[in-house]
Amino acid sequence: MADPRPEPESGGNRRPCDQVRVRVPATSANLGPGFDAFGLALTLYDDLVVTPGGSGVTVTVSGEGESDVPLDETHLVVRSIHAGLEALGAPVPGFTLRCENRIPHGRGLGSSSAAIVGGLAAAFALAGEPLDRERLVVLANAIEGHPDNVAAAALGGFTIAWTEGEAGRAVRLEPADGIAAVAYVPDNRVLTKQARGLLPGVVSHTDAAANAGKAALLVAALTGRPELLLTATEDRLHQEYREPAMPESLALVHKLRGSGLAAIVSGAGPTVAVLGGHGEKGAGHGQFFRGTPDAPDGWAKYELAIDPVGVQVWSMEAG
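Below you will find a few notes about this structure. None of the values given here were measured: they were computed from a predicted structure.

## Quick word on the packing of helix α3 (residues 133–144) against helix α4 (residues 148–155)
- Here α3 crosses α4 at 150 degrees, and the two axes come no closer than 9 Å. It follows that α3 is roughly antiparallel to α4 by the angle criterion. For the pair α3 and α4, the sense of crossing is right-handed. Of α4, the residues touching α3 (which contributes Arg133, Leu136, Val137, Ala140, Asn141 and Glu144) are Val150, Ala151, Ala154 and Leu155.
- Residues of the contact of α3 with α4, tallied by class, amount to 7 nonpolar, 1 polar and 2 charged.

## Quick word on the environment of Pro247
- Take Pro247: it is sitting in helix α8 (residues 247–258).
- Given a relative accessible area of 38%, Pro247 falls into the partly exposed group.
- Distance from Pro247 to Gly165, taken between C-alpha atoms, is 35 Å for residues 82 residues apart in sequence.

## Considerations on helix α1 (residues 76–87)
- Its 12 residues place the ends of α1 16 Å apart at the C-alpha level, agreeing with the 16 Å of an ideal helix rising 1.5 Å per residue.
- On its buried face, α1 is in contact with β2 (38–52), β3 (57–63), β4 (95–101), α2 (111–126) and α3.
- Downstream of α1 by one or two residues, Gly89 has phi in the positive range, about 70 degrees.

## Some details on the packing of aromatic side chains
- Within this structure, the stated rule accounts for 2 aromatic pairs.
- When the ring of Phe38 is compared with that of Phe158, the centres are 5.4 Å apart and the planes differ by 85 degrees; the resulting orientation is edge-to-face. One end of the pair, Phe38, is in strand β2; the other, Phe158, is in strand β5 (residues 158–164), with 120 residues separating them in the sequence.
- Classification of Phe158 as buried rests on a relative accessible area of 0%.
- For the ring pair Phe288 and Phe289, a centre distance of 5.6 Å and an interplane angle of 45 degrees mean the geometry is tilted. Of the two residues examined, Phe288 and Phe289, each falls in the buried class.

## Quick notes on the packing of α2 against α3
- Contact geometry for α2 and α3: axes closest at 10 Å, N-to-C directions at 135 degrees. Taken together, α2 and α3 sit at an angle that is classed as oblique. Note that α2 runs across α3; the crossing there is right-handed. Along its contact with α2, which presents Ser112, Ser113, Ile116, Val117, Leu120, Ala121 and Phe124, the element α3 presents Arg135, Leu136, Leu139, Ala140, Ile143 and Glu144.
- Classifying every residue of the contact of α2 with α3 by side-chain character gives 9 nonpolar, 2 polar and 2 charged.

## Regarding the sheet that holds strand β8 (residues 262–265)
- Sheet architecture is open: 4 strands sit in the order β8-β9-β7-β10, paired in antiparallel fashion. For this open sheet the edge positions go to β8 and β10 (299–305), each flanked by a neighbour on one side alone. Here the average twist between neighbouring strands, direction ignored, is 20 degrees.
- Both strand β7 (residues 180–186) and strand β9 (residues 272–276) contribute to a ladder of 5 bridges, which runs antiparallel. Looking at β9, one finds that Val182 is bridged to Val274.
- Contacting β7, β8, β9 and β10, α8 runs over the sheet at an angle of about 165 degrees to β8.

## As for the pattern of salt bridges
- Using the criterion set out here, one finds 10 salt bridges in the structure.
- Taking the shortest distance from any N to any O, the salt bridge between Arg102 and Asp47 comes out at 2.8 Å. On the criterion of sequence distance, the pair formed by Arg102 in the loop between β4 and α2 and Asp47 in strand β2 is long-range, its members being 55 residues apart.
- With its nearest N and O atoms 3.6 Å apart, the salt bridge here joins Arg169 to Glu164.
- The partly exposed category is assigned to Glu164, whose relative accessible area is 45%.

Cut-offs applied
Residues numbered from 1 in each chain as written. Predicted model: local features only at pLDDT ≥ 70, side-chain atom pairs only at ≥ 80, totals over all residues. Heavy atoms only, no water. Axes fitted to C-alpha atoms, helices over the stretch in contact; angles between N-to-C directions. Helix = DSSP H or I, 4+ residues; strand = E, 2+ residues; numbered from the N terminus. Parallel < 35°, antiparallel > 145°, perpendicular 65-115°, else oblique. Left-handed = near helix turned anticlockwise from the far one by under 90°. Contact = heavy atoms within 4.5 Å. Nonpolar A, V, L, I, M, F, W, Y, C, P; charged D, E, K, R; others polar. Buried < 20%, exposed > 50% of the residue type's maximum accessible area, 1.4 Å probe, protein only. Expected span 1.5 Å × (residues − 1). Phe/Tyr/Trp six-rings, centres within 6.5 Å; stacked < 30°, edge-to-face > 60°. Pairing = 2+ DSSP bridges. Salt bridge = Lys/Arg side-chain N within 4 Å of Asp/Glu carboxyl O.

Right, dumping it as structure tokens:
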């Protein structure tokens, strides 16, 4: 199937721009057995506007995290813009950054990866360079430390990520028609570092072999056999070990799976995602969404399609 992303603009001399606009999707990583490897881009977005000018940095934030994130050069988007410009050998201008955040923070939907990918994508535009998504994954992985979420945010669709040495790599696969996700998002946060700290250093060969098989099956399920999603999302490597940090999330996963829904912990949690779909092209997601229960008290429910594009950048050239 043809790649839905637009072709990058041809290279050439760098040209300054008056303003850069970036839209970057939320992501769900791991997807059950694909620990630190699988990711899905979802139709929930953060928007960034970068306007060069002046000698310093001014940051404004609305929406998610507006009362929590720093409003100076330590902001993750700002740090990512600076890292991208440095990697591209471009000058670092003063600028104003405006963030409109919709991706919940600290919930397992890739908010930090969205900030990193969004900032790096803005850096390409500020440098007057066409967006190189493969290099973007490498740069984002160097900041994030693992490539699963950043790959999905950069490439869209369903991604499989890995590392070669210290470099992040990823391939994008086309999800089957009708694949969608429902995210159940609680009020509380769980830090990725905390969730990772609960994982054992060693697992049994039996569990590793079981996850390898289910991960392979999940590729088939997401790209053409959605009826296999319940079986394919079984995990033995990370979800149950993280229960002490998110007991309500694991209880919800067990309840939903017991009713036949392919529920997983999204990323490091505590969000619970349900994957589903059908094989009827163009039939929409309504039937799947209606088949999922309302959110528990104190949780929010998001009904999401799969974002096919990944991060998008628009720039207005100076002159």
